[in-house]
Amino acid sequence: MKFLIINGPNLNFLGIREPEIYGKRDFGALIALCEQTCSENGIECETYQSNHEGDIVDRIQAAYGKIDGIVINPAAYTHTSVAIPDALKAVGIPTVEVHLSDINAREEFRRRSFVSPVAVKTICGKGFDGYVEAILYLKEYLEKS
Ligand code: DQA
């Protein structure tokens, strides 16, 4: 089983960026946690971070036929992008959407996610633990289907 973990814009600034919202741990720690969770559960994993919408679309398309499941935090593109959910639908790879913060408890504009309708599950407000939950959920989902 092979997963692709995608992080969108500004998540590479974790630890520096608004620590009161996103925490003090840095992006490297997040990636290490994802890689550890995958390896402990017999999952191969690739990680990808980009600040550019089109690059994220390209990476999703490149996953076609090669990746079994996607965990994505589209960051700000969650609320603006049609191209990212279109790409996820196009490749048909089961996807879990994750957000560190609770997007429903912040500004009004964060409540709308264009990605949620194409995701098998959305996890938000659980910080780094949300990624662990997303990986484990996706594994179980794929084993059942
Ligand atoms: C985020 C929430 C988004 O609204 C925001 O633009 C981000 C991060 C989160 O992980 O909580 O960049 O996706």
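The model shown is predicted, which means the values in this text are computed figures rather than measured ones.

## Observations concerning the side chain of Arg 59
Line of reasoning, step 1. Structurally, Arg 59 can be placed in helix H3 (residues 53-62).
Line of reasoning, step 2. With residues up to four places along the chain from it excluded, the contact list for Arg 59 reads Leu 4, Glu 46 and Tyr 48.

## Looking at helix H4 (residues 83-91)
Line of reasoning, step 1. Among the residues making up H4, those that are buried are Ile 84, Pro 85, Ala 87, Leu 88 and Val 91. Across the axial projection of H4, the buried residues extend over an arc of 155 degrees, all falling on one side. Residues of H4 that are exposed and point over 90 degrees away from its buried face: Lys 89 and Ala 90.
Line of reasoning, step 2. In this structure, the buried side of H4 is in contact with H3, strand S3 (69-73) and strand S4 (95-99).

## Some remarks on the packing of aromatic side chains
Line of reasoning, step 1. Considering all chains together, one arrives at one aromatic pair under this definition.
Line of reasoning, step 2. Pairing Tyr 137 with Tyr 141 gives two aromatic rings, centres 6.3 Å apart and planes at 25 degrees, and the pair type is stacked. Here Tyr 137 and its partner Tyr 141 are both found in helix H5 (residues 129-144), four residues apart, which amounts to about one turn of the helix.
Line of reasoning, step 3. Looking at Lys 121, its charged tip hangs above the ring of Tyr 137, at a distance of 5.0 Å from the centre.

## Quick notes on the sheet that holds strand S1 (residues 2-7)
Line of reasoning, step 1. Strands sit in the order S2-S1-S3-S4-S5 across an open sheet of five strands; the sheet is parallel. The two strands at the open ends of the sheet, each matched to only one other strand, are strand S2 (44-49) and strand S5 (121-124). Going across the sheet, the axis of each strand differs from the next one's by a mean of 15 degrees, ignoring polarity.
Line of reasoning, step 2. The pairing of S3 with S4 spans three bridges and is classified as parallel. Counterpart to Ile 70 in the pairing with S4 is Thr 95.

## A look at unusual backbone geometry
Line of reasoning, step 1. The phi torsion at Glu 18 lies on the positive side, around 30 degrees, for a residue other than glycine.
Line of reasoning, step 2. Note on placement: Glu 18 falls in the loop between S1 and helix H1 (19-22).
Line of reasoning, step 3. According to the relative accessible area criterion, Glu 18 is partly exposed, its value standing at 35%.
Line of reasoning, step 4. With a phi close to 50 degrees, Ala 75 is a non-glycine residue in the positive phi region.
Line of reasoning, step 5. With relative accessibility at 12%, the residue Ala 75 sits in the buried group.

## So, the packing of H3 against H4
Line of reasoning, step 1. Across the interface, H3 lies against H4 with an axial gap of 9 Å and an inter-helix angle of 5 degrees. On the basis of the axis angle, H3 is roughly parallel to H4. Between H3 and H4, the contacting residues are Glu 53, Ile 56, Val 57, Ile 60 and Gln 61 on the first element and Ala 83, Ile 84, Ala 87, Leu 88 and Val 91 on the second.
Line of reasoning, step 2. In the contact of H3 with H4, the residues fall into eight nonpolar, one polar and one charged.

Parameters and conventions
Residues numbered from 1 in each chain as written. Predicted model: local features only at pLDDT ≥ 70, side-chain atom pairs only at ≥ 80, totals over all residues. Heavy atoms only, no water. Helix = DSSP H or I, 4+ residues; strand = E, 2+ residues; numbered from the N terminus. Contact = heavy atoms within 4.5 Å. Buried < 20%, exposed > 50% of the residue type's maximum accessible area, 1.4 Å probe, protein only. Arc of directions from axis to C-beta. Phe/Tyr/Trp six-rings, centres within 6.5 Å; stacked < 30°, edge-to-face > 60°. Lys NZ or Arg CZ within 6 Å of the ring centre and 35° of its normal. Pairing = 2+ DSSP bridges. Axes fitted to C-alpha atoms, helices over the stretch in contact; angles between N-to-C directions. Parallel < 35°, antiparallel > 145°, perpendicular 65-115°, else oblique. Nonpolar A, V, L, I, M, F, W, Y, C, P; charged D, E, K, R; others polar.

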